[in-house]
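# Coordinates in review
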Amino acid sequence: MFEGETVGGFTFQADGSLLLFMAHGKIAVLSDGRLHAVHESLPDETEARFNDVIADPEGRVFCGTMPFERGPRGALYRLDLDGSIVKLVEGITISNGLGFTPALDGLYYVDTPTQRIDLFDYDRATGAIANRRVFADTTDDDGDPDGMTVDADGYVWCARWNGWSCIRYGADGRPTQRIDFPARKVSSVAFGGPGYATMYLTTAGRPTDAEEDNGAAGGRVFALEAGVKGRPEFLSRILL
């Protein structure tokens, strides 16, 4: 089907298909067991791959890239409903977690090496983002900011790569809660299950990797009841 191709992120489409974000700027719909390309490649992403992505309330998708060799050559894009793609931010190193404020007027964004969770103003009608500023400086937290989500109360949860944890941040950007894991590389977090009451967290790195201690549970997916609830993710509507 698409053996050997890297998938960095995906969204669920409103028609039930999957929208895959891959290496070299490739974006494709997976439907009926076949790939249908939206973009075969992007000219500025020949040495990069997509990483985290998120659909917005209107069905557009914000999608970021990271270069295969570390350096500020990635970007944050917006894929519009007609399949056209717009580059929004350049000079990104590792494009990572994305999430919307409860009022849907702001977009959270992580470029991992900056050690920050940033916040943009977001215009739902047009998909435009502006006024990037620091929401949370996580330099003093263990590890690096990775995937993230926003819970039903508007708190930001951010997985900590190399930090053995996931941290919850309040509206002022300060940590309010930390959940520790027996895995070093906590890579992303999302809510699901009945009432979105279950928190799911992915981790990376096998316990047997020789170069570092990834923890006894490195590479596992965790599900836990954290006493908070999430919100449903938006569906993408590209070319529908």
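Shown above is the structure to which this text applies.
On a predicted model such as this, the values are computed, not experimentally measured, just so you know.

The rules we used
Residues numbered from 1 in each chain as written. Predicted model: local features only at pLDDT ≥ 70, side-chain atom pairs only at ≥ 80, totals over all residues. Heavy atoms only, no water. Core = buried A, V, L, I, M, F, W, Y, C linked by side-chain atoms within 4.5 Å. Buried < 20%, exposed > 50% of the residue type's maximum accessible area, 1.4 Å probe, protein only. Helix = DSSP H or I, 4+ residues; strand = E, 2+ residues; numbered from the N terminus. Pairing = 2+ DSSP bridges. Axes fitted to C-alpha atoms, helices over the stretch in contact; angles between N-to-C directions. Phe/Tyr/Trp six-rings, centres within 6.5 Å; stacked < 30°, edge-to-face > 60°. Patch = residues over 30% accessible without salt bridge, like charges linked within 9 Å, V, L, I, M, F, W, Y side chains within 5 Å. Areas by Shrake-Rupley, 256 points an atom, 1.4 Å probe, with all protein chains shown as cover. Salt bridge = Lys/Arg side-chain N within 4 Å of Asp/Glu carboxyl O.

All right, on to the nonpolar core then. Trp157, Ile179, Phe181, Met199, Leu201 and Leu224 are the most contacted members of the largest nonpolar core, which totals 16 residues. Secondary-structure elements contributing two or more residues to this core are strand E14 (156-161), strand E17 (185-192), strand E18 (198-204) and strand E19 (221-224). Grouped together as the second largest cluster of nonpolar side chains are 15 residues, Val53, Cys63, Tyr77 and Ile238 included.

On to the pairing of strand E1 (residues 7-12), then. Note on strand geometry: in a regular strand, side chains alternate between the two faces of the sheet. As paired elements, E1 and strand E2 (residues 18-22) share five bridges and run antiparallel to each other. Counterpart to Thr11 in the pairing with E2 is Leu19. As consecutive antiparallel partners, E1 and E2 are separated by five residues, and within that stretch Gly16 has a phi angle of approximately 95°, a positive value.

Before going further, it helps to spend a moment on the sheet that holds E18. Ordered in space as E17-E18-E19, the three strands form an open sheet in which the pairing is antiparallel. Sheet topology places E17 and E19 at the edges, where each strand pairs with a single neighbour. Strand-to-strand twist in this sheet, taken as the mean axis angle between neighbours without regard to direction, amounts to 20°. Note: E17 against E18, seven bridges, orientation antiparallel. When the bridges of E18 are listed, Phe191 appears paired with Met199.

This brings us to the packing of aromatic side chains. How two aromatic rings sit relative to each other is set out by the distance from centre to centre and by the angle between their planes. With the rule as written, the count across this model stands at 10 aromatic pairs. On the basis of an interplanar angle of 65° and a centroid distance of 6.4 Å, the ring pair of Phe50 and Tyr77 is categorised as edge-to-face. Of this pair, Phe50 sits in strand E5 (residues 48-55) while Tyr77 sits in strand E7 (residues 74-79); the two residues are 27 residues apart in sequence, bridging distant segments of the chain. Comparing Phe50 with Tyr77, the two get one shared label, buried. Measuring from ring centre to ring centre gives 5.0 Å for Phe100 and Tyr122, while their planes differ by 55°; the resulting arrangement is tilted. Taken together, the positions of Phe100 in strand E9 (residues 95-100) and Tyr122 in strand E11 (residues 116-122) put the pair 22 residues apart, joining distant regions of the chain. Under the relative-accessibility criterion, Phe100 is labelled buried at 3%. A relative accessible area of 6% places Tyr122 in the buried class.

The next thing to look at is a nonpolar patch on the surface. Judged by side-chain polarity, Val7, Phe10, Phe12 and Leu235 come together as a nonpolar surface patch covering roughly 360 Å² of accessible area. For Phe10, the position within the fold is in strand E1.

Time to look at the pairing of E14. In terms of burial, E14 is largely enclosed, as five of its six residues are buried. Alignment of E14 against strand E15 (residues 165-169), held across five bridges, turns out to be antiparallel. Bridge pairing in E15 places Arg160 opposite Ser165. Connecting E14 to the next strand, E15, in antiparallel fashion are three residues, including Asn162 with a positive phi near 65°.

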